[in-house]
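So you can see what is in the structure, the chains are spelled out below.
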Amino acid sequence: MSIEIKGVGKKFGDFVALDDVNLTIPTGQLTALLGPSGGGKSTLLRIIAGLENADTGSVTIEGVEATHLPAQKRNVGFVFQHYAAFKHMSVAKNVAFGLEIRKRPKAEVKEKVEELLGLVHLSQFADRLPSQLSGGQRQRMALARALAIEPTVLLLDEPFGALDAKVRKELRDWLRRLHDEVHVTTVFVTHDQEEALEVADEIVVINDGRIEQVGSPSELYDSPANDFVMSFLGPTTMIDGVLHRPHDIDIVTHPGVPGSLPARIVRELRVGFEVRLTVELLDAAHEEIQVTVTRAHQRSQGLREGIDVWLTPTHANGKVSESPLGV
Amino acid sequence: MVRTSPLLRWVLRLVVVAYLVLLIGWPVSMVVTHTFDHGFSALDKALADPNVTHALWLTAQVTAISVLINTVFGVTISILLVRYEFPGKRLLSALLDVPLSISPVVVGLSLLLVYNPRNGWFGQGLSDAGYQIIFATPGIVMATTFVALPLVIREVVPVLEEIGDEQEWAARSLGASPVQTLRRITLPAIKWAIVYGVVLALARSLGEFGAVSVVSGKIVGSTQTATLVVEERYQNFDQPTAYAVAFLLAFASVVCIAIVAILRPKQEGKS
C-alpha cells in the first residue's frame, strides 16, 4: 500500500481543516481527492507532501514513516495550481533542478531532461524562460520537473484549475495517458467532479474535513454513500424528499403506469444534445423537478412547454427501483 | 485611455519639467559648474590635500561597511518579515521605518547617549575594554548604517511578497535544503530588488551628514568624512574644495544609479 494516512487532524486557528482522516491510497493508481473549496482536500495533499504539518496522526509513504520528515526528504513530486515555475531559469534548467540538487552526473541530467521534455512535448522550448510559455505549457513543464526526481508519489494540487476550459480538457486526457505510461502513484486534488470521474481510478470525496466516500468513479456515481456525494458528483433533483438524477426519470405524455406522477412542463432549456425540462408536479405542493432527456427523445415524445406529462423515477439514490415500463 | 487636449498635456509637461529643474536640476548643475569654473584645478587641488583624501577614503570605507551590513541584515529581516509569523512582527515592521522618519541629528544624539565613553550605557564598558565607538570609525559606521537601514528592506519586502512561497516549496519538494533553496531560488528571484536597495543605501550612506556630524567629533584628518569636509571648507572660505568634494559625492551616486539603469534587464517585472 502506497500512502497510509492514519488519524490525521489539522486546525488553522478555530477552523478544522481535517478531522481524524484515515485513508489508504493504493500504489500505481491515479487517485482524485474531490470536494468543495475549503473542504480540506488541499490541506491533506500538502500534509502528504510535507508542505504542512499535521496536528495529529501519521503519514506513511511506501512503508516509510514520513510524518516528521521534511519535504525535501520525502521524494514526492508536487505540482502547484499556479505552476510555481522557477522564473529565472530556462525550461530545461527547471526540469533539471531536482537532479542537480541530487548531484547527478551532467550527462545523465542532460539525457533525463531531454527524455522528460519529449514526454511532455516541450523539447523545442527547452531554452525558453517560463514567462515565454502558455499556461498549459508551464504546467506540463512543472509536471516534467516533478517527474524528473522519479518520485515515489506524484501530487497535483488543482493542476488544471488556472487553465481555460479547452486546455483543461486536453491536459486532463493527456495526464490520463501519461499515467498509463509512467505508472507512478498519483494523487490529484480537484473540485471538478467531471475531471475526477473522467481521469481517476479511484475517487476520495472530502467535505468539511472528513472523508465522505472512497470508491471507483462508477461506484461513487451509481451508489453514492449519502446525499452529499450524490449531489456533488452530478446534477440532482428531489421528489418526495428523495434525490434522483434528472436523467433517471422517465417522462411520458400519457398516464397508465401505476404510481407515475402527473405533472406539467413549465420550462425547457436546450443545451447541446440534451434538453433540460423543469416540471411542476400537479399535487398540493407543486414541487418543481428537473428532468433531462435527449433531444431525440424530446422530439419523438413531443415534449414541450405547457403540456401534461407523467413521471416515473427509475433510480432512487443509487438503488434501482422497479421500473414498470421495463426500460 | 483618458483623452486630454494637447494643450493641457503640454502645460502639464512644462509644469513638471520646471518643477524638477528649479528644485533639482539647476542647483545640482551649479555645483558642477562651480567645480569646473577653472577647469580641473579645483579637483586637482582638493585631491592633493591629504585631509580631503583621508575624508574621501573614510567615507568610502564607512559606506562599504554599512552597505554590507545593511544588505545582509536587510535581506535577512525581509525574509523573516515576509515568510515567518512571530509575535511582535507588526511592531518590528513599524520600528524599521523609524530611521526614515526621525532626523539624523536625533539618531546621532541617541547613539551618543548609549555609547559615549564617560556616561553612556554601553560606552563605559566598551571603553574600559579598549573599544572606542564615539568619535571614532565604529560610531560613524553605526550612525550611517542606522540611517540607511530601511532602504534594502523596503525594496526587498514587496518583491518577496509578490513572488510568494510556492517556488520555494517546489524547490523543497524537489529535494533542496533550506540553504539550497535560499541560494538557488529566493536570492536569484529578489536579485534586482537587492541591487536597487544597495544603490539607494549606497547613495544615502555616501551623503549622510547629520548623524555622522554628531558622533564623529569632526576631527580633521581623522574622523572627518567627505560631507563634513564640504561643510568645513565652505565655512572656512575654501569654496573650490567644498564644491569639488560635493561634486565627487554627487558624481558617485549618479554613477551607481546609471550603472543599475543600464544593467537592469529589459523584461524585468514581467511574470
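Reading the values: rules and limits
- Note on numbering: residues in each chain are counted from 1, in written sequence order.
- A letter from A marks each chain and a number from 1 marks each ligand, given out in the order of writing.
- Only residues with pLDDT of at least 70 get local features here, since the model is predicted, and only at 80 or more are side-chain atom pairs given and counted; chain-wide, interface and lining totals rely on the full set of residues.
- Side-chain calculation: all heavy atoms of the structure are included, whereas hydrogens and water are not.
- For the purposes of this entry, the term helix denotes a DSSP run of H or I that reaches at least four residues, the term strand denotes a run of E that reaches at least two, and both are numbered from the N terminus.
- Classification of residues uses two cut-offs on accessible area relative to the type maximum, computed with a 1.4 Å probe and protein chains only: under 20% is buried, over 50% is exposed, and between them is partly exposed.
- Here, two residues are considered to be in contact whenever any of their heavy atoms come within 4.5 Å of each other.
- Accessibility throughout is a Shrake-Rupley quantity obtained with a 1.4 Å probe, and a residue counts as covered only by protein chains that appear here.
- Neither His nor the chain termini are counted; the positive set is Lys and Arg, and the negative set is Asp and Glu.
- Positions of charges follow a simple convention, taking NZ of Lys, CZ of Arg, CG of Asp or CD of Glu.
- Axis lines are fitted to C-alpha atoms, over the contacting stretch for helices. Their N-to-C directions set the angle, which ranges from 0 to 180 degrees.
- Roughly parallel means an angle under 35 degrees; roughly antiparallel, over 145; roughly perpendicular, 65 to 115; everything else is oblique.
- Left-handed is the label given to a crossing in which the near helix is rotated counterclockwise from the far helix by less than a right angle, and right-handed is the label when the rotation is clockwise.
- All residues other than Ala, Val, Leu, Ile, Met, Phe, Trp, Tyr, Cys, Pro, Asp, Glu, Lys and Arg, Gly among them, are scored as polar; the first ten of these are nonpolar and the last four charged.
- We define buried area as the total accessible area lost by two parts upon association, computed with a 1.4 Å probe and summed across both.
- By definition, a salt bridge exists where a carboxyl oxygen of Asp or Glu is found within 4 Å of a side-chain nitrogen of Lys or Arg.
- Distance and chemistry together define a polar contact, namely a pair of N or O atoms within 3.5 Å, with one atom able to donate a hydrogen and the other to accept it when in protein, and with adjacent residues in sequence counting only for side-chain atoms on both sides.
- Between any two strands, at least two bridges found by DSSP are needed for them to pair.
- One confidence number per residue, pLDDT, is output by the predictor and ranges from 0 to 100.

Trainee: How do you make sense of the overall build of chain A when you look at a structure like this?
Mentor: Within chain A, the regular secondary structure consists of nine helices and 19 strands. Across its three principal axes, chain A shows a C-alpha extent of roughly 80 × 45 × 35 Å. Expressed as a percentage of the 327 residues in chain A, the buried residues total 50%. When contacts within chain A are restricted to residue pairs at least 6 apart in sequence, long-range pairs at least 24 apart make up 63% of them. Just so you have it, chain A exposes about 14,800 Å², and 51% of that area is on carbon and sulfur atoms. Distance between charge centres in chain A, computed from 35 positive and 45 negative side chains, equals 9 Å.

Trainee: What am I meant to see in the packing of helix H2 (residues 91-101) of chain A against helix H4 (residues 135-148) of chain A here?
Mentor: Helix-helix packing is described using two parameters, namely the angle between the two axes and the distance between the axes. Residue and element names in this part refer to chain A. Two numbers describe how H2 lies on H4: the axes approach to 7 Å, and their chain directions differ by 25 degrees. Taken together, the axis directions place H2 and H4 in an arrangement best described as roughly parallel. As H2 runs across H4, the sense of the crossing is right-handed. Contacts between H2 and H4 involve Val91, Asn94, Val95 and Leu99 from the first element and Met141, Ala144, Arg145 and Ala148 from the second. Considered class by class, the residues forming the contact of H2 with H4 number six nonpolar, one polar and one charged.

Trainee: Quick question: what am I supposed to make of the environment of Ile5(A) here?
Mentor: Mapped onto the secondary structure, Ile5(A) falls in strand E1 (residues 3-12). Taking the C-alpha atoms as reference, Ile5(A) lies 8.4 Å from Ile25(A); in sequence the two are 20 residues apart.

Trainee: Looking at this structure, I do not really get the interface of chain B and chain A. What am I missing?
Mentor: As a measure of interface size, the accessible area lost when the parts come together is often cited. Taken together, the contact between chain B and chain A spans 18 residues of the former and 27 residues of the latter. Taken over both partners, the interface formed by chain B and chain A buries close to 2,100 Å², and the fraction arising from carbon and sulfur atoms is 60%. On the surface where chain B and chain A come into contact, there are one salt bridge. Note that Glu100(A) is salt-bridged to Arg184(B), the shortest N-O span being 3.9 Å. For the pair chain B and chain A, the interface holds three residue pairs in polar contact (both at pLDDT 80 or more). For the side of chain B that touches chain A, the secondary structure elements donating two or more residues are helix H9 (166-173) and helix H10 (178-189) of chain B. Ranked by residue count, the leading element in the side of chain B that touches chain A is H9(B), at seven residues. Here the residues of the side of chain B that touches chain A sort into eight nonpolar, seven polar and three charged.

Trainee: I tried to follow the sheet that holds strand E13 (residues 249-252) of chain A on my own but got confused; where do I start?
Mentor: Strand pairing in a sheet is mediated by backbone hydrogen bonds. Such pairs are either parallel or antiparallel. Residues and elements named next belong to chain A. Taken together, the five strands give an open sheet; going across it, the order is E13-E17-E14-E15-E16, and neighbouring strands pair in antiparallel fashion. In this open sheet, the two edge strands, each paired with only one partner strand, are E13 and strand E16 (288-294). Recorded for the sheet is a direction-independent mean angle of 45 degrees between the axes of neighbouring strands. Note that strand E14 (residues 261-271) and strand E17 (residues 308-313) share four bridges and pair antiparallel. Bridge assignment links Leu261 to a residue of E17, and that residue is Leu311.

Trainee: Looking at this model, I keep getting lost on the side chain of Arg245(A). Mind explaining?
Mentor: All names here are of chain A. Mapped onto the elements of the fold, Arg245 is located in the loop between strand E12 (242-244) and E13. For the buried Arg245, no salt bridge exists, and the shortest N-O distance to an oppositely charged side chain is 5.5 Å, to Asp248. At 2.9 Å, the side chain of Arg245 and the backbone oxygen of Met230 are in polar contact. Only 3.2 Å separates the side chain of Arg245 from the backbone oxygen of Pro235, close enough to count as a polar contact. With residues near it in sequence (within four places) discarded, Arg245 still touches Tyr221, Met230, Leu233, Gly234, Pro235 and Thr236.

Trainee: Mind showing me how you'd approach the confidence of the model for chain B here?
Mentor: Segments scoring low in pLDDT should not have their predicted coordinates read at a detailed level. All names here are of chain B. Taken over all residues, the pLDDT of chain B has a mean of 90, while the share at 70 or more is 97%. Element-level mean pLDDT values for chain B span from 79 in helix H7 (residues 123-128) up to 95 in helix H3 (residues 50-83). Reported confidences for the modelled complex are a pTM of 0.80 and an ipTM of 0.81.

Trainee: Explanation requested: the pairing of strand E3 (residues 30-34) of chain A in the structure shown.
Mentor: Every other side chain in a regular strand lies on the same face of the sheet, so the side chains alternate between the two faces. Residues and elements named next belong to chain A. With five of five residues buried, E3 lies mostly within the body of the structure. Alternating residues of E3 divide into Leu30, Ala32 and Leu34 and Thr31 and Leu33, and every residue in both groups is buried. Taken together, the five bridges between E3 and strand E8 (residues 185-190) define a ladder with parallel strand orientation. Each bridged residue has a counterpart across the sheet, and for Leu34 the counterpart in E8 is Thr190. The pairing of E3 with strand E9 (residues 202-207) spans four bridges and is classified as parallel.

Trainee: Would you take a moment to explain the confidence of the model for chain A for this structure?
Mentor: Across chain A, pLDDT averages 89, with 96% of residues at or above 70. Between the elements of chain A, mean pLDDT differs from a low of 43, seen in strand E19 (residues 319-320) of chain A, to a high of 95, seen in H2(A).

Trainee: In this structure, what is going on with helix H13 (residues 226-235) of chain B? I would like to understand it.
Mentor: Given 3.6 residues per helical turn, the α-helix brings residues three or four places apart onto the same face. Residue and element names in this part refer to chain B. Those residues of H13 that sit buried are Ala226, Thr227, Leu228, Val229 and Arg233. Against the buried residues of H13 lie H3, helix H11 (191-207), helix H12 (210-216) and helix H14 (239-263). Count one or two residues on from H13 and you reach Phe237, which has phi positive near 60 degrees.

Trainee: For this particular structure, what's the right way to read the sheet that holds E1(A)?
Mentor: All names here are of chain A. Pairing within the open sheet is antiparallel, and its four strands lie in the order E2-E1-E4-E5. Looking at strand neighbours, the two that pair on one side only are strand E2 (15-25) and strand E5 (64-65), the edges of this open sheet. As paired strands, strand E4 (residues 56-61) and E5 are joined by two bridges and run antiparallel to one another. Bridge pairing in E5 places Ile61 opposite Val64.

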